[in-house]
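# What the coordinates show
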Amino acid sequence: MRTELDRTDRQIVAALQEDARLTSGELAQIAHLSQSPCWRRVKRLEDEGVIAGYHAALDRRALGLGVMVFVMVGIDHQTEASSLPFEEAVCAIPEVVMFHGISGPEDFMLVVVARDLDDYSQLLQNRLHRLPGVRRVHSYFSLQEFKGRIGGLPVPATG
C-alpha cells in the first residue's frame, strides 16, 4: 500500500536521508513543527514502512575496497526450486552488497566490492562461477561514481 506524504512528511524524510542523526529538536525545526507532533509523524512514517531503518553510510574506499563490480548472472532455470539455492548462496557472500532479480537477457544483478582486481578475480573464479545453476556471468567494473547514495530516494509529491 502506498503512503501519501504531505509537504511536512516530505521535509522530514528528506532531512533524515541527508542526516539520520538529527535530534528530534533539529528535525522539528526543519519541518516547522514542535517536537511532539514531529516525533509522532516520524513514528507513523516508521510504522507505515516509509522509513525502513537508519544506517551508517560507509566509504568503501576508506575500508580498502577499491573495486566495485556490477555482475550480471544468468542461471539455468527460473523456477523457485532452482533459484532458491542460488539466491541463498549469493546472500551468504559478504562481498555482494546488493542483489536484484532483473528483467532482460540476464536473471540477476549483483553489486560486488573487493580490495582489488586480484581479489575480485579470486571471488569470481572460486565463488561466483560455482554458484548453483549459474549459466553465465558478465562483469562490469565501475570506473567512476557520479551518484551513489542508496538512501537518497526522491520523495514523491502528493498528487
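Only a predicted model underlies this, so the values are computations on that prediction, with no experimental measurement involved. (Residues numbered from 1 in each chain as written. Predicted model: local features only at pLDDT ≥ 70, side-chain atom pairs only at ≥ 80, totals over all residues. Heavy atoms only, no water.)

## Looking at the overall build of the chain
- Counting its regular elements, the chain contains five helices and four strands.
- When the helices and strands of the chain are listed from N to C terminus, the series reads α-α-α-β-α-β-β-α-β.
- Its C-alpha radius of gyration of 20 Å places the chain more than 25% over the 15 Å reference for a compact globule of 159 residues.
- With the C-alpha coordinates of the chain rotated into their principal frame, the extents come out at 55 × 35 × 25 Å.
- Relative to its 159 residues, the chain shows a buried fraction of 29%.
- Partitioning the contacts of the chain with sequence separation of at least 6, the portion at a separation of at least 24 is 65%. (Helix = DSSP H or I, 4+ residues; strand = E, 2+ residues; numbered from the N terminus. Rg over C-alpha atoms; globule rule 2.2 N^0.38 Å. Buried < 20%, exposed > 50% of the residue type's maximum accessible area, 1.4 Å probe, protein only. Contact = heavy atoms within 4.5 Å.)

## Structural notes on the environment of Met 72
- Of note, Met 72 is situated in strand β1 (residues 67–75).
- Sequence separation between Met 72 and Glu 48 is 24 residues; the distance between their C-alpha atoms is 33 Å.
- Setting aside residues no more than four positions away along its own chain, Met 72 makes contact with Ile 102, Glu 106, Phe 108, Met 109, Arg 136, Val 137, His 138 and Tyr 140.

## Concerning the packing of helix α1 (residues 7–18) against helix α3 (residues 35–47)
- Interaxial distance between α1 and α3 falls to 11 Å at its minimum, and their mutual angle equals 80°. Comparing the axis directions of α1 and α3 gives the class roughly perpendicular. Only Cys 38, Arg 41, Val 42, Arg 44 and Leu 45 of α3 make contact with α1, whose side of the interface consists of Thr 8, Asp 9, Ile 12 and Val 13.
- Across the contact of α1 with α3, the residue classes break down as five nonpolar, one polar and three charged. (Axes fitted to C-alpha atoms, helices over the stretch in contact; angles between N-to-C directions. Parallel < 35°, antiparallel > 145°, perpendicular 65-115°, else oblique. Nonpolar A, V, L, I, M, F, W, Y, C, P; charged D, E, K, R; others polar.)

## Considering the sheet that holds β1
- Across the sheet, which stays open at both edges, the four strands sit in the order β2-β3-β1-β4 with antiparallel pairing between neighbours. Of all the strands in the sheet, just β2 (96–101) and β4 (134–141) have a single pairing partner and so form its edges. The mean inter-strand angle of the sheet, taken between neighbouring strand axes irrespective of direction, is 20°.
- Strand direction decides the pairing type here: β1 and β4, joined by seven bridges, are antiparallel. Among the inter-strand pairings, Ile 75 is bridged to a residue of β4, identified as Val 134. (Pairing = 2+ DSSP bridges.)

## Looking at α1
- Between its first and last C-alpha, α1 extends 17 Å over 12 residues, near the 16 Å set by a 1.5 Å rise per residue.
- For α1, every residue scored as buried is listed here: Thr 8, Asp 9, Gln 11, Ile 12, Val 13, Ala 15 and Leu 16.
- Contacts made by the buried residues of α1 are with α2 (24–31) and α3.
- Taking the backbone nitrogen of Thr 8 as reference, a side-chain oxygen 3.1 Å away marks Asp 6 as the first, capping residue of α1. (Expected span 1.5 Å × (residues − 1). Polar contact = N/O pair within 3.5 Å; in protein donor to acceptor, adjacent residues only side chain to side chain.)

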